[in-house]
Amino acid sequence: MPASPSTARAINDRLALQLLQQDGPLTAAQLKTLTGLSRPTVADLVERLQGAGLIHVVGESGAVRRGPNAKLYGIVADRAHLAALDVRTGSVSVVVADLLGTTLAEAALPITDEAGTGPAVEQAVALLERTAREAGSVPLHSVGIGAPGLIDPATGELRDTSKLPAWHRALVRVLQQRLPATVLVENETNLAAVAEHRAGAALDRETFVLIWLGQGIGAAVMLDGRVRQGASGGAGEIGFLPVPGVTGLPSAVDCAGGFYSLAGSAALCELAARHGIGLPDGAAPDATAVAAVRTALAAGERGEPFLDEVADRLALGAAAVVSVLDPGCVLLAGAVGEAGGAPLAARVEERLAVMSPLRTEVRAGSLGDGAVLRGALLTARDAAQEALFAPGG
């Protein structure tokens, strides 16, 4: 059945807003070309969107002939603010942005278990509130949170997972209770995949697997442009993957003995020490692993044995994922993946070609540790635009 006039208007408005968000500012003539709509229909939707406070005139196109079509229309970016949080084991990072994703304020704070659950939560909440105030008086509409652990796909809640700080789960609950904003929580690796897909190394890929290389090990499965969470939110928990080369087997509550023990930051630091790679004193394991990879790359031939063994280890986990999903592309992400860059990715790809008949390209992520925060912000922006750009929003 043909769409009703009101439904057609809503569809046209949403299309125009998406184009203005992605490609704007645009003139009415450009909107007409991009949407394929008639000139009167475009004129009506522009008037409608202006009246709703969603778009405004931001300038002129510079065309020789002046007139209504020379006006440039853009999204009213300060109609609402967005926030993103990257919640790590010992820290929280916050960014506040407008509807176009422009950063307005950002901050980070170390938080440890020693503070206690209540004080740790209050520190994190205060950091978000302070950063939001620095960004201006516009209220927060949506908040995206990236955290380690399992997200229940039915409730959207961060599950109570062993070995993760108790304040993580408490923080999500407190923010949902205190903020008038929409609060969304997602696994950090899944958010990294969203960011790399829309703004990083996987722009041209609708299907790929991202392997997160940091203090922990995880994977995100992107199939046909959608992150797949699994029945219990645990798709991609490859830290628990049994692999050769380690002692023992992982358990339901401990990934020691799994792929984590082979390719996590602590394991890579031990490997670097065995290969005589100089490591910084006192740094966290993830920072030390990054330094080891960079040092090995800079060392030329002397660093190749270490890089070769790192690639051997990563290929084991990647091969298991490839044999099940056949994604065609594996992304080595996180700070370690970014540090290894194309040279490490090429080594892993060579080993995969020997281990698997499934042709798989291996790339390095381009967003590093910042991918989680970027993905959380994109998730918050999507939620805000879905609500604000809806008819009557």
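Below you will find a few notes about this structure.

Calculation rules
- Residues numbered from 1 in each chain as written.
- Predicted model: local features only at pLDDT ≥ 70, side-chain atom pairs only at ≥ 80, totals over all residues.
- Heavy atoms only, no water.
- Salt bridge = Lys/Arg side-chain N within 4 Å of Asp/Glu carboxyl O.
- Helix = DSSP H or I, 4+ residues; strand = E, 2+ residues; numbered from the N terminus.
- Buried < 20%, exposed > 50% of the residue type's maximum accessible area, 1.4 Å probe, protein only.
- Polar contact = N/O pair within 3.5 Å; in protein donor to acceptor, adjacent residues only side chain to side chain.
- Contact = heavy atoms within 4.5 Å.
- Pairing = 2+ DSSP bridges.
- Right-handed = clockwise from strand over helix to strand, strands pointing away.
- Axes fitted to C-alpha atoms, helices over the stretch in contact; angles between N-to-C directions.

**Considering the pattern of salt bridges**
- Throughout the structure, instances matching the rule amount to 14 salt bridges.
- Glu 122 serves as the salt-bridge partner of Arg 178, at 2.5 Å between the closest nitrogen and oxygen. Pair noted here: Arg 178 is in helix α5 (residues 166–178) and Glu 122 is in helix α4 (residues 117–135), with a separation of 56 residues, a long-range link.
- Assessed through its relative accessible area of 45%, Arg 178 is described here as partly exposed.
- The partly exposed category is assigned to Glu 122, whose relative accessible area is 38%.
- Among the ionic pairs, Asp 382 bridges to Arg 198, the shortest N-O distance being 2.6 Å. You can see Asp 382 sitting in helix α12 (residues 370–388) and its partner Arg 198 sitting in helix α6 (residues 188–199), a full 184 residues away along the chain.

**Some remarks on the side chain of Glu 196**
- Considering the arrangement of structural elements, one finds Glu 196 in helix α6.
- At 2.9 Å, the side chain of Glu 196 forms a polar contact with the backbone nitrogen of Ala 201.
- In this structure the side chain of Glu 196 is engaged in a polar contact, spanning 3.2 Å, whose partner is the backbone nitrogen of Ser 366.
- For Glu 196, the contacting residues outside a window of four places in its chain are Ala 201, Ala 202, Leu 203, Leu 210, Leu 331, Gly 365, Ser 366, Leu 367, Gly 368 and Ala 371.

**As for the pairing of strand β12 (residues 361–364)**
- For strand β11 (residues 329–333) and β12, the ladder comprises four bridges, and the chain directions are parallel. Each residue of the ladder has a partner; that of Leu 331, found in β12, is Arg 363.
- Between β11 and its parallel partner β12, the chain crosses via helix α11 (residues 334–355), and the hand of that crossover is right-handed.

**Concerning the environment of Ala 77**
- In this fold, Ala 77 is placed in the loop between β2 (71–75) and β3 (81–87).
- Put simply, Ala 77 and Asp 98 are 21 residues apart on the chain and 5.5 Å apart in space, counted from C-alpha to C-alpha.
- Sequence-distant contacts of Ala 77, that is, excluding residues within four places in its chain, are made with Asp 98, Leu 99 and Leu 100.

**Comments concerning the sheet that holds strand β4 (residues 91–97)**
- The strand order across the open sheet formed by five strands is β5-β4-β3-β6-β7, and the pairing between neighbours is mixed. Each end of this open sheet is capped by a strand with a single partner; those strands are β5 (103–110) and β7 (182–187). Each neighbouring strand pair of the sheet contributes to a mean axis angle of 15 degrees, computed without reference to strand direction.
- Here β4 pairs with β5 via seven bridges, running antiparallel. When the sheet's bridge partners are listed, Val 92 is paired in β5 with Leu 109.
- The strands that α4 touches are β3, β4, β5 and β6 (140–147); relative to β5, the one it contacts most, it runs at about 160 degrees.
- The strands touched by α6 are β3, β6 and β7; relative to β7, the strand with the most contacts, the crossing angle is about 95 degrees.

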